[in-house]
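# Chain and residue survey
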Amino acid sequence: MEKMAQMREAGAQGIADQLAIAIHEHRLTPGAKLSEDEVGEVFGVSRTVVRAALQILAHDKLVDLKRNRGAFVAQPSVREAREVFEARALLEPRTARSAAERITPDDLSGLTRHIEAEHAALAADEPGRALFLSGQFHVEIARIADQDTIAAFIGQLVARSSLNIALYWHRRAALCESHAHHALIDAFAAGDGDLAEELMKSHLVDLVTSLDLRNRTSAPTTLREALGQ
């Protein structure tokens, strides 16, 4: 019994991870319905496993579970969007400073490869993929800073940011124009914590200014469309 429960949990986490990536990459847009039957059919699992996966996503604030209606990709309000970026502005600049003080050559190489993958996604006309990689760049900085508790918070905030961007982003060219990540890598390479902190502050301000924070909803996407089924 215990082994079966562990297998169900592992399966649920795998499905949650795949759905989360589809949400981060904006293949599943805010408001999209996640039918238990359809999710089960697409992944070939029982409704019990599907429900566990949706609970994981709900815990991470990526999915809303609505009584008698089912599960939907979350649609954050303007207030929620502002709160997410305010929280990031409080945490990430200090985390960038800590990363600059602790970073290793291997860490720098990893961040550089990350940016190269981001540019490759843009060149392939995959802006959603580029945005996902951009968010993971911030998560990686938190890991390098060696602050596990804060890194967990930042990971969740970055995930919720993807929903905000899907709903409210009005200046998509900003992704192509931004050199903030390159500048951060230069600051890390120099071990300049002051500069890294200031660069992260201005980067997050620039990201917020690219959002049109007015109440709106997006056109839902079906699961099969999002996963190319």
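Just above, that's the structure.
First, a word on scope: everything that follows refers to the structure included in this document. Throughout this description, residue numbers start from 1 for each chain and increase along the sequence as written. Where totals are concerned, whole chains, interfaces and linings use all residues; where local detail is concerned, this predicted model gives features only for residues with pLDDT of at least 70, and gives and counts side-chain atom pairs only at 80 or more. Excluded from the side-chain calculation are hydrogens and water; included are all heavy atoms of the structure.

Let's shift gears to the environment of Ser162. Only runs of H or I of at least four residues qualify as helices and only runs of E of at least two qualify as strands under DSSP, and these elements are numbered from the N terminus. By the secondary structure assignment, Ser162 is in helix 7 (residues 148-168). Sequence separation between Ser162 and Gly135 is 27 residues; the distance between their C-alpha atoms is 7.9 Å. Ignoring anything within four residues of it in the chain, the contact list for Ser162 reads Ile23, His24 and His26. The definition of a polar contact used here is a pair of N or O atoms within 3.5 Å, where within protein one atom must be able to donate a hydrogen and the other to accept one, and adjacent residues in sequence count solely through side-chain atom pairs. A distance of 2.5 Å separates the side chain of Ser162 from the backbone oxygen of Ala159, its partner in a polar contact. Should any heavy atoms of two residues lie within 4.5 Å, those residues are counted as being in contact.

On to the side chain of Ser134, then. Here Ser134 lies in helix 6 (residues 127-144). Here the term buried applies to any residue with accessible area under 20% of the maximum for its type, exposed to any over 50%, and partly exposed to those in between, with areas from a 1.4 Å probe on protein chains only. When its relative accessible area of 12% is taken as the criterion, Ser134 is described as buried. The contact partners of Ser134, leaving out residues within four places of it in the chain, are Glu118 and His181.

Moving on: the packing of helix 6 against helix 7. Interaxial distance between helix 6 and helix 7 falls to 9 Å at its minimum, and their mutual angle equals 165 degrees. In terms of orientation, helix 6 lies roughly antiparallel with respect to helix 7. Between helix 6 and helix 7 lies a crossing whose hand is right-handed. Of the residues in helix 7, those in contact with Leu131, Gly135, His138, Val139, Ala142 and Arg143 of helix 6 are Ala151, Ile154, Gly155, Val158 and Ile165. Residue composition of the contact of helix 6 with helix 7, by class: seven nonpolar, three polar and one charged. Note on geometry: axes are C-alpha line fits, over the in-contact stretch for helices, and angles between N-to-C directions span 0 to 180 degrees. Oblique is the label for any angle not under 35 degrees, not over 145, and not in the 65 to 115 range, which are roughly parallel, roughly antiparallel and roughly perpendicular in turn. Here a crossing is taken to be left-handed if its near helix is turned anticlockwise relative to the far helix by less than a right angle, and right-handed if that turn runs clockwise. Asp, Glu, Lys and Arg are counted as charged, while Ala, Val, Leu, Ile, Met, Phe, Trp, Tyr, Cys and Pro are counted as nonpolar; the rest, among them Gly, fall into the polar class.

Turning our attention to unusual backbone geometry. Look at Lys61: it is not a glycine, yet its phi comes out positive at around 65 degrees. Structurally, Lys61 can be placed in the loop between helix 3 (47-59) and strand 2 (63-66). Given the relative accessible area of 46%, Lys61 is considered partly exposed. Here the phi dihedral of Asp146 falls at roughly 60 degrees; this positive angle occurs in a residue that is not glycine. By relative accessible area, Asp146 is classed as exposed at 56%.

Only buried Ala, Val, Leu, Ile, Met, Phe, Trp, Tyr and Cys residues count toward a nonpolar core, and they belong to the same one when joined by side-chain atoms within 4.5 Å. Ile15, Ile23, Leu28, Leu34, Leu57, Leu62 and Val73 are the most contacted members of the largest nonpolar core, which totals 25 residues. By residue number, the principal contributor to this core is helix 1 (residues 2-24), which donates seven residues. Counting 18 residues, the second largest nonpolar core, distinct from the first, contains Phe137, Ala145, Leu184 and Met200.

Right, let's get into the environment of Ala189. Structurally, the position occupied by Ala189 is in helix 9 (residues 180-189). With a relative accessible area of 54%, Ala189 lands in the exposed category. Between the C-alpha atom of Ala189 and that of Pro105, which follows or precedes it by 84 residues, the distance is 8.2 Å.

Through backbone hydrogen bonds, the strands of a sheet pair up, either in parallel or in antiparallel fashion. Two strands pair if DSSP finds at least two bridges between them. Sheet architecture is open: three strands sit in the order 1-3-2, paired in antiparallel fashion. Because the sheet does not close on itself, it has two edges, and the strands there are strand 1 (33-34) and strand 2.

Take the pairing of strand 3 (residues 70-73) next. In the sheet, strand 1 pairs with strand 3 via two bridges, with the strands oriented antiparallel. Within the sheet, the bridge partner assigned to Lys33 lies in strand 3 and is Phe72. Relative to strand 3, strand 2 runs antiparallel, the two being bridged by four bridges. Bridged to Asp64 within strand 3 is Phe72. In textbook terms, the turn of a hairpin is the stretch between consecutive antiparallel strands, and for strand 2 and strand 3 this stretch comprises three residues, one of which, Asn68, has a positive phi near 65 degrees.

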